[in-house]
2 protein chains.
Amino acid sequence: MLGRTYDSQVCSIARALEIVGERWTLLILRNAVFAGMTRFRDFQLSLGIATNVLASRLDALVDAGIMERPPAPDRASAHLYVLTDKGRDLTPVLIALTEWGDRWAAPDGPPIRYVHDACGLPVATSVSCARCGQLTDPVGVVALPGPGMPPDRAARVALHADQLLADARS
Amino acid sequence: MLGRTYDSQVCSIARALEIVGERWTLLILRNAVFAGMTRFRDFQLSLGIATNVLASRLDALVDAGIMERPPAPDRASAHLYVLTDKGRDLTPVLIALTEWGDRWAAPDGPPIRYVHDACGLPVATSVSCARCGQLTDPVGVVALPGPGMPPDRAARVALHADQLLADARS
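Now for a description of the structure that goes with this document. Every chain's residues receive numbers from 1 upward, in the order its sequence appears when written. The naming scheme follows written order: chains are lettered A onward, ligands numbered 1 onward. Residue-level local features of this predicted model are given only where pLDDT is at least 70; pairs of side-chain atoms are given and counted only at 80 or more, and the full residue set underlies all totals for whole chains, interfaces and linings. The side-chain quantities take in all heavy atoms of the structure and omit both hydrogens and water.

## What about the relation of the copies chain A and chain B?
Rules: Least-squares superposition aligns the copies on the C-alpha atoms of those residues with pLDDT at or above 70 in both. Contacts were defined at the residue level, with two residues in contact if any of their heavy atoms lie within 4.5 Å.
For the pair chain A and chain B, the relating rotation is 180°, the translation along its axis is 0.0 Å, and the fit reaches an RMSD of 0.0 Å. Here the transformation between the copies is reduced to the relation of a two-fold axis. For chain A, the smallest separation between a C-alpha atom and the rotation axis is recorded for S126 of chain A, amounting to 2.8 Å. Both copies present the same face, since 100% of the interface residues in chain A are matched by interface residues at the equivalent positions in chain B.

Here is the structure:
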């Protein structure tokens, strides 16, 4: 885990990356979320990584509450790796990463299309403002201090945000 | 860069992570996108990482076309690190990661709130279906093979997707 590395960062991005930022972890989660994988051997065959690396990543996901490890219903595995709600809730992150990769790193076209299971139509992520609706240009997003930001840091974040908000209105 | 590590993966998530999946890279981009940072020294002070690591990450971002390195307008730095469109386009990924961290790893409340610069109201990401609108439960997203998927792999992805789509309709 990256925990100690990002400790100085009061930031939900840093906290998220401590949990899912290790090499291979988001690809393991991709396979669980979109390919329905639950077995060690399936993850291993699909990703082609060393078993000790895979075991370490899966253990970390279980420790972080992103996967559970119920007994397998057959004798092909000792147990399964099953996503929790916390794990399934990473779906929007995985889709947003896919969309960026599709736009900037898929010269042969998108390898995957996401559709809604109930109707089969395309699914996409968007950034929306509570008043203005969907933002076509997400550059107009400003970060303000939230309740979890220590006061000394909050002042610095607020100062920068005030400048950006003033610029946008002038 | 993680390039060679994920080479076997025909996947836009893997391609995206090859570019932004290195340790610290998404936090550097967070500071560029939301704090407007452009100077080596500011990144270094904010993140507290070794200068050789930071230099390597910034070089990789420039090589990947996520940042540009124009000359600085003053003598405080030799040059600046400025986001390109490709870099700014990571904003939705950063917001989605923040939201997940806020929900699952922010016991003191969100450290940051994102607002729209034009109106100051909250901004959030969502997953929407082209027909059904915003999905409250993103678990109902199925991955189908896209144009960039090699045929042998496409068949396997399609088989799993067909099963999920049939299940959703039964």
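## Things to note about the nonpolar core
In plain terms, the rule: Only buried Ala, Val, Leu, Ile, Met, Phe, Trp, Tyr and Cys residues count toward a nonpolar core, and they belong to the same one when joined by side-chain atoms within 4.5 Å. Remark: exposure states derive from per-residue accessible area (1.4 Å probe, protein chains only) relative to the maximum for the residue type, with buried under 20%, exposed over 50%, and partly exposed in between.
Counting residues in hydrophobic clusters, the biggest one holds 96 residues, and the most contacted among them are I66 and M67 of chain A together with I66 and M67 of chain B. In this structure M67 of chain A touches I28, L29, A32, F43, L58, L61, V62, Y81, V82, L83 and T84 of chain A, once residues within four positions along its chain are discounted.

## Quick word on helix α4 (residues 51–63) of chain A
All names here are of chain A. Applied cut-off: Counting from the N terminus, the helices are the DSSP runs of H or I reaching at least four residues and the strands are the DSSP runs of E reaching at least two. Multiply 1.5 Å by the residue count of a helix minus one, and that product is the helix's expected span.
For α4, which comprises 13 residues, the first-to-last C-alpha distance of 18 Å matches the rise-based estimate of 18 Å (1.5 Å per residue) to within 8%. All of the buried residues along α4 are L54, R57, L58, A60, L61 and V62. Where α4 is buried, its residues touch α1 (12–20), α2 (25–34), α3 (40–47) and β1 (67–68). One or two steps after α4, the chain reaches G65, where phi turns positive at roughly 75°.

## A closer look at the interface of chain A and chain B
Stated precisely, the cut-off is as follows: Two parts placed together each lose some accessible area under a 1.4 Å probe, and adding up what both lose gives the buried area. Whenever a carboxyl oxygen of Asp or Glu lies within 4 Å of a side-chain nitrogen of Lys or Arg, that contact is scored as a salt bridge. Side-chain atoms alone can form a polar contact between residues adjacent in sequence; in general such a contact is a pair of N or O atoms within 3.5 Å, and within protein one must be able to donate a hydrogen while the other accepts it. We call Asp, Glu, Lys and Arg charged. Ala, Val, Leu, Ile, Met, Phe, Trp, Tyr, Cys and Pro are nonpolar, and the rest, Gly among them, are polar. The pairing criterion is simple: DSSP has to find at least two bridges between the two strands.
Listed by partner, the interface residues are 91 residues for chain A and 91 residues for chain B. Summed over both partners, the interface of chain A with chain B comes to about 8200 Å²; 66% of that surface belongs to carbon and sulfur atoms. Counting the surface chain A buries against chain B, the share from its top three residues, I13, W100 and D117 of chain A, is 9%. Counting across the interface, chain A meets chain B through four salt bridges. For the salt bridge of E22 of chain A with R23 of chain B, the shortest nitrogen-to-oxygen distance reads 3.7 Å. Counting across the chain A and chain B interface gives 35 residue pairs in polar contact (both at pLDDT 80 or more). The dominant element in the side of chain A that touches chain B, judged by the number of residues it contributes, is helix α6 (residues 91–104) of chain A, at 13 residues. Considered class by class, the residues forming the side of chain A that touches chain B number 56 nonpolar, 20 polar and 15 charged. Note that strand β3 (residues 112–116) of chain A and strand β6 (residues 141–145) of chain B share five bridges and pair antiparallel. Each bridged residue has a counterpart across the sheet, and for I112 of chain A the counterpart in β6 of chain B is P145 of chain B.

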